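# Per-entry structural report
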Amino acid sequence: MLTSLAFIFLVGFAMASIFQKLKLPRIVGMLLTGILLGPHMLNLLQDSILSISGELRQMALIVILIKAGLSLNLNDLKKVGRPAVMMAFVPATFELLAFVIFAPMILGINRIDAAVMGAVLAAVSPAVVVPRMVMLMEEKYGTKKSIPQMILAGASCDDIYVIVLFSSFVSMAQGGQANWGDFLNIPVSIVLGVALGAIVGYLLSLFFEMAYTHGHYIRNTMKVILILAISFALMAIETALKPIVSVSGLLAIVSMACVLKIKSPVIVSSRLSNKFGKLWIAAEVILFVLVGAAIDIRYTLNAGLTAVLMIFVALVIRSIGVFLCLIKTPLNGKERLFCIIAYLPKATVQAAIGSVPLAMGLPCGQIVLSVAVLAILITAPLGALGMDRTYRTLLEKEA
């Protein structure tokens, strides 16, 4: 495992730096590192690390979500209101419908298989989007109209919606019946996740305050470790409660960090945010290299040009969904265009569930995985590059 970690960090950082010099997104270099080192090419990563790849990627995502929560201003988010809620499900619904309508014609699959494919492909990647929204909030681009906050909130809820749909469509593809009651779990999961995180964040802030009052100074480094440990526990609670009630662990983590920011002195929340920013330097490499390692590049050869066409048709229709969410908002044309670009990238969810239909023996498994791999390779660089190159032009910098 130590050898694998050495490869991940050394080659990952080197490739990221090369791509940065070429004025390309760093994550493209990291994704390519994972593909090269992974089991489907050079096979330099040991099974011991690949077997816990999902957990490591989740830990890395937790780091950036805590950082996002500590950077998020809830008052700004309240100002956004309706569009933030709509961004959580409307673009994904439009993309899913695009697959259901057009995939049978373009790829020659049936409607149920098209729905399974659409559910795999419909989620935006928080791993690509969230770090960039955090950066925009720190640099004050688009913050006057709460654009990064809106995108961050929508992208965080988008995955819950899509994964519930995926579970239902897979059940239908297996010959079972979709449990439509599961759809009620979407708002329940969001509300309970936010509430749980808020309670935990409040109790944690009280603990830090009481410790300080009684002369027990807790160093910020220790606070970081405690916050991480509690975040891992929140994810464990999500898993434990799954048979009973749906709770979003990721939203609970963001909510906890938001409450900590509100209840803590500005200097404390700022220092914690900086420390999680430093942790993200390592976590980012682990996340994207392991996402790349999960990609079997051979499946792209099976996909062909028709799959590329389907991906772009779905992205166009998804973009219409984003545009509709922004009707009657104060955003101008440039800012709306940026929101559309920010909602393009796929990576995390597709790498996590893209192979599930194939593993379950569904007839559509091969083509779903092929299109998922191709979508990651096309949209992750496209979205990242689009955001990195356009935010200074399309968004207004707050004074």
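We now turn to the structure provided with this report.

What counts, and where the lines are drawn
- Residues numbered from 1 in each chain as written.
- Predicted model: local features only at pLDDT ≥ 70, side-chain atom pairs only at ≥ 80, totals over all residues.
- Heavy atoms only, no water.
- Helix = DSSP H or I, 4+ residues; strand = E, 2+ residues; numbered from the N terminus.
- Rg over C-alpha atoms; globule rule 2.2 N^0.38 Å.
- Buried < 20%, exposed > 50% of the residue type's maximum accessible area, 1.4 Å probe, protein only.
- Contact = heavy atoms within 4.5 Å.
- Areas by Shrake-Rupley, 256 points an atom, 1.4 Å probe, with all protein chains shown as cover.
- Lys, Arg positive; Asp, Glu negative; His and termini not counted.
- Charge placed at Lys NZ, Arg CZ, Asp CG, Glu CD.
- Axes fitted to C-alpha atoms, helices over the stretch in contact; angles between N-to-C directions.
- Parallel < 35°, antiparallel > 145°, perpendicular 65-115°, else oblique.
- Left-handed = near helix turned anticlockwise from the far one by under 90°.
- Nonpolar A, V, L, I, M, F, W, Y, C, P; charged D, E, K, R; others polar.
- Core = buried A, V, L, I, M, F, W, Y, C linked by side-chain atoms within 4.5 Å.
- Phe/Tyr/Trp six-rings, centres within 6.5 Å; stacked < 30°, edge-to-face > 60°.
- Lys NZ or Arg CZ within 6 Å of the ring centre and 35° of its normal.

### Overview of the overall build of the protein
In terms of helices and strands, the protein carries 19 helices and zero strands. Compactness check: the protein gives a C-alpha radius of gyration of 21 Å against a globular reference of 21 Å for 399 residues, within 12% of the reference. In terms of overall dimensions, the protein has C-alpha extents of about 70 × 55 × 50 Å along its principal axes. When each of the 399 residues of the protein is scored for burial, the buried share is 54%. Contacts in the protein between residues far apart in sequence, at least 24 positions, make up 81% of those at least 6 positions apart. Surface exposure of the protein reaches about 17200 Å², of which carbon and sulfur atoms provide 68%. Computing the positive centroid from 30 side-chain charges and the negative centroid from 18, the protein places the two 8 Å apart.

### A look at the packing of helix 7 (residues 90-107) against helix 8 (residues 111-121)
Packing of helix 7 against helix 8 leaves a shortest axis separation of 8 Å and a crossing angle of 130 degrees. Relative to helix 8, the element helix 7 lies oblique. The way helix 7 lies across helix 8 gives a crossing that is right-handed. Taken together, the residues of helix 8 that come into contact with helix 7 (itself represented by Glu95, Leu96, Phe99, Val100, Ile101, Ala103, Pro104 and Leu107) are Arg111, Ala114, Ala115, Met117, Gly118, Ala119 and Leu121.

### Section: the side chain of Thr33
Considering the arrangement of structural elements, one finds Thr33 in helix 2 (residues 26-37). Judged by its relative accessible area of 0%, Thr33 is buried. Setting aside anything within four residues of it in sequence, one finds Thr33 in contact with Val11, Gly12, Met15 and Val289.

### Some details on the environment of Leu61
Tracing the backbone through its elements, the reader meets Leu61 in helix 4 (residues 53-71). Assessed through its relative accessible area of 8%, Leu61 is described here as buried. Separated by 292 residues in sequence, Leu61 and Ile353 place their C-alpha atoms 16 Å apart. Contact partners of Leu61, with chain neighbours within four places excluded, come to Pro126, Ala127 and Leu250.

### Here's the deal with the packing of helix 1 (residues 2-21) against helix 2
At a minimum axis distance of 7 Å, the contact between helix 1 and helix 2 shows a crossing angle of 140 degrees. In this view, helix 1 runs oblique relative to helix 2, as classed from their interaxial angle. Here helix 1 and helix 2 pass one another in a crossing that is right-handed. Across the interface between the two elements, Phe7, Ile8, Val11, Gly12, Phe13, Met15, Ala16, Ser17, Phe19 and Gln20 of helix 1 pack against Arg26, Val28, Gly29, Met30, Leu32, Thr33, Leu36 and Leu37 of helix 2. Its residues assigned to classes, the contact of helix 1 with helix 2 shows 12 nonpolar, five polar and one charged.

### Focus on the nonpolar core
The nonpolar side chains of a soluble globular protein tend to be buried with one another. Ile66, Met133, Ile151, Phe288, Phe338 and Cys339 are the most contacted members of the largest nonpolar core, which totals 92 residues. With 13 residues, helix 14 (residues 266-293) is the largest single contributor of residues to this core. Among all residues touching Phe288, those that are not within four sequence positions of it are Ile27, Met30, Leu31, Ala127, Val128 and Trp280. Judged by nonpolar contacts, the second largest core, of 41 residues, contains Ala115, Phe166, Met310 and Val371.

### Concerning the packing of aromatic side chains
What the rule picks out here adds up to four aromatic pairs. Ring geometry for Tyr141 against Tyr391: centres 5.1 Å apart, planes inclined by 85 degrees, an arrangement best described as edge-to-face. Of this pair, Tyr141 sits in the loop between helix 9 (126-139) and helix 10 (147-173) while Tyr391 sits in helix 19 (residues 365-394), placing them 250 residues apart in sequence. We classify Tyr391 as buried; its relative accessible area is 5%. In this arrangement the basic side chain of Lys223 is found over the ring face of Phe208, its NZ or CZ atom lying 5.1 Å from the centre.

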